[in-house]
Amino acid sequence: MSDLNQEEEEDDLALNENEIVRVIDLDDGEKDYNDSDENEEDNDEMDTDEAAAAAPTQDDSALTFSGHRDSSVICVRIHPANSEIAVTGGQDDRAFVWSTRDGSVILECTGHTDTVNSVGFSHDGAMVATADMKGLIKVWRVDTCTQVWSFEADEVEWIQWHQAAPVLLAGTRDGQVWMWKIPSGDLKTFVGYGPGATCGKFLPDGKHACVGYEDGAVKIWDLKSNQALHSISGHDGHKDSVYCLDHNSNGTLVLSGAGDMTAKVTNIATGKVVSTLTCQQSTDEDSVESVAFSKTHDYAVTGTLGGSLEIWDLPSKSVRHKCEHPHGIVKILCPPTGATFYTSCLDGNIRQYDSRNGQLLNTWQGHTAGILDFDISSDGSILVTASDDSSSKVFSLAPHPT
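Computed from a prediction, not measured in an experiment: that's the story for all the values here. (Residues numbered from 1 in each chain as written. Predicted model: local features only at pLDDT ≥ 70, side-chain atom pairs only at ≥ 80, totals over all residues. Heavy atoms only, no water.)

Visitor: How would you sum up the overall build of the protein chain? Please name residues and give values.
Guide: Helices and strands together make up the secondary structure of the protein chain, namely 3 helices and 32 strands. Sequence-distant contacts in the protein chain: of pairs separated by 6 or more residues, those separated by 24 or more amount to 43%. Accessible surface computed for the protein chain: about 19400 Å², of which carbon and sulfur atoms make up 45%. (Helix = DSSP H or I, 4+ residues; strand = E, 2+ residues; numbered from the N terminus. Contact = heavy atoms within 4.5 Å. Areas by Shrake-Rupley, 256 points an atom, 1.4 Å probe, with all protein chains shown as cover.)

Visitor: Now, about the sheet that holds strand β24 (residues 309-313): what can you tell me, with residues and values included?
Guide: One open sheet accounts for 4 strands, arranged β22-β23-β24-β25; its pairing is antiparallel. The open sheet has two edge strands with one neighbour each: β22 (288-293) and β25 (318-323). Going across the sheet, the axis of each strand differs from the next one's by a mean of 25°, ignoring polarity. Pairing of β24 with β25 involves 5 bridges; the strand directions are antiparallel. The residue of β25 that forms the bridge with aspartate 313 is serine 318. (Pairing = 2+ DSSP bridges. Axes fitted to C-alpha atoms, helices over the stretch in contact; angles between N-to-C directions.)

Visitor: Talk me through the nonpolar core; I want residue IDs and the actual numbers.
Guide: Ile137, Val139, Ile159, Leu168, Trp180 and Ile182 are the most contacted members of the largest nonpolar core, which totals 15 residues. Ignoring any residue separated from it by four or fewer positions in sequence, one finds leucine 168 in contact with Ala129, Ile137, Val139, Trp149, Ile159, Gln160, Trp161, Trp178, Met179, Trp180 and Ile182. (Core = buried A, V, L, I, M, F, W, Y, C linked by side-chain atoms within 4.5 Å. Buried < 20%, exposed > 50% of the residue type's maximum accessible area, 1.4 Å probe, protein only.)

Visitor: Any details on the packing of aromatic side chains? Residues and values, ideally.
Guide: Applying the stated rule across the entire model yields 11 aromatic pairs. When the ring of tyrosine 193 is compared with that of tyrosine 213, the centres are 5.3 Å apart and the planes differ by 50°; the resulting orientation is tilted. Of this pair, tyrosine 193 sits in the loop between β13 (186-190) and β14 (197-202) while tyrosine 213 sits in strand β15 (residues 208-213); the two residues are 20 residues apart in sequence, bridging distant segments of the chain. Look at tyrosine 213 and you get buried, because its relative accessible area is 0%. (Phe/Tyr/Trp six-rings, centres within 6.5 Å; stacked < 30°, edge-to-face > 60°.)

Visitor: Summarise the pattern of salt bridges; cite the residues concerned and give the values.
Guide: Side-chain pairs of opposite charge can arise whenever the charged atoms involved come near each other. Counted under the stated rule, the structure contains 12 salt bridges. Note that glutamate 155 and arginine 173 form a salt bridge whose closest N and O atoms lie 3.3 Å from each other. One end of the pair, glutamate 155, is in the loop between β9 (146-152) and β10 (156-161); the other, arginine 173, is in the loop between β11 (167-172) and β12 (177-181), and 18 residues separate them in sequence. You can call glutamate 155 partly exposed: its relative accessible area is 33%. Overlapping salt bridges bring together Arg77, Lys331 and Asp373 as one network. (Salt bridge = Lys/Arg side-chain N within 4 Å of Asp/Glu carboxyl O.)

Visitor: An account of unusual backbone geometry is needed here, citing residue identities and associated values.
Guide: In this model, isoleucine 182 is joined to proline 183 through a cis peptide bond whose omega is 5°. Here proline 183 shows up in the loop between β12 and β13. The backbone of aspartate 93 sits at a positive phi, close to 70°, despite the residue not being glycine. Take aspartate 93: it is sitting in the loop between β3 (85-90) and β4 (95-99).

Visitor: Would you mind going over the confidence of the model for the protein chain in detail, with residue names and values included?
Guide: Residues at a pLDDT of 70 or more form 86% of the protein chain, whose mean pLDDT is 89. Residue range residues 1-51 is modelled with pLDDT below 50. Its contacts to residues more than four positions away, or to other chains, number 8 contacts. (pLDDT = per-residue confidence, 0-100.)

Visitor: Which residues make up the environment of serine 66, and what are the values?
Guide: Of note, serine 66 is situated in the loop between β1 (63-65) and β2 (73-78). Using a relative accessible area of 48% as the deciding quantity, one classes serine 66 as partly exposed. Linking serine 66 and aspartate 389, residues 323 residues apart in sequence, is a C-alpha distance of 9.5 Å.

Visitor: Lay out the pairing of strand β26 (residues 329-333) in plain terms, naming residues and giving numbers.
Guide: The two faces of a sheet get side chains in turn, since along a regular strand they alternate between them. Counting buried positions along β26 yields 4 of 5 residues, so the element is predominantly enclosed. Bridge analysis of β26 against strand β27 (residues 340-345) gives 4 bridges, and the strand direction is antiparallel. Following the sheet pairing, isoleucine 329 is matched in β27 by cysteine 345. In this antiparallel pair of consecutive strands, β26 and β27, the connection spans 6 residues, and glycine 338 shows a positive phi of 85°.

Visitor: Lay out the sheet that holds β3 with the relevant residues and their values.
Guide: Spatially, 4 strands are ordered β2-β3-β4-β5 in an open sheet, and the strand pairing comes out antiparallel. Either end of the sheet is taken by a strand with one partner, and the two such strands are β2 and β5 (105-109). Across the sheet, the mean angle from the axis of one strand to that of its neighbour is 20°, orientation sign disregarded.

Visitor: Lay out a negative patch on the surface in plain terms, naming residues and giving numbers.
Guide: Together, Glu157, Glu214, Asp215 and Asp240 make up a region of like negative charge exposed at the surface. The topology assignment puts glutamate 157 in strand β10. (Patch = residues over 30% accessible without salt bridge, like charges linked within 9 Å, V, L, I, M, F, W, Y side chains within 5 Å. Lys, Arg positive; Asp, Glu negative; His and termini not counted. Charge placed at Lys NZ, Arg CZ, Asp CG, Glu CD.)

Below you can see the structure in the form of structure tokens.
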């Protein structure tokens, strides 16, 4: 071959950058080009809720707290008297009391060795309690940042402070319910019978508590006598684990939601179920994850893991409105004033609805994963979230400018 022909052939083989369509990296080993198809199939099978919490188009939050590093934030509560203070617990075995104004850490609650799954401030905000999944409960003074009490129980499902006294209630996976006076540690127990105590609340009279159990039972406990006044189970009770509870403002009714896709309204004084609300089921593994009484109307709101959001008219025991909600609902909160309510969702958004007509009023974006918990300040000025994306965000609830 002549030198001229060889040069022309080399010119033909030369790569022009403008003609490159794609660059493929070659592995040292063999490449199975069916992998791309398999990956596409895997992506198609991705959990819809995880896929739903994609990067938001905007971040509506006023502040992001990232103290829990690369771990999910499981729970959050706002100080009852000072909206500039919040507490969060996370999968990193830590809890933080921090400023909602600038994100600075006020107190790191140390000593936990498992996920901190429940937190809360005492009624006056003087103390903060943290509990982990192994059963260690700690109480700290907020002003001095010192630990004043601790207790090791079985695996703790939840804790709640009394609304008017330094008294702490806790439910455990073995079904025990414990009540302590803090910091003295004076103890009362409400004996379990096997199934876990999955949720619980002090009732408005301050003399009784309502507890939901893993077998579907709901019990009304007398705090003075340690006796169960009423046990709602069997034919009248839920057929699956009770996941959520709420009570109405005057303390006459309790609302429970369960894995059997029902919400039950029970008269606290008589222990009689007055309504069974059958919620819309979206998937085989659906459940009622959150329930709430409206504080201004005779309504109840139910939310399911499948994304069904329904407003119920209690006198007629019928669905008043079915609200459009794109993904699984984790929590519902009805503020003490106004006819609106809020939901947290597995798509990472907070939504506000009007309970009178079911209309979506506002949506707050910012998280890249599901919101596992949220709380609203007592003055209604802010909302603080706990998310699977390792962050907690502060959202202003001030009216949007028009």
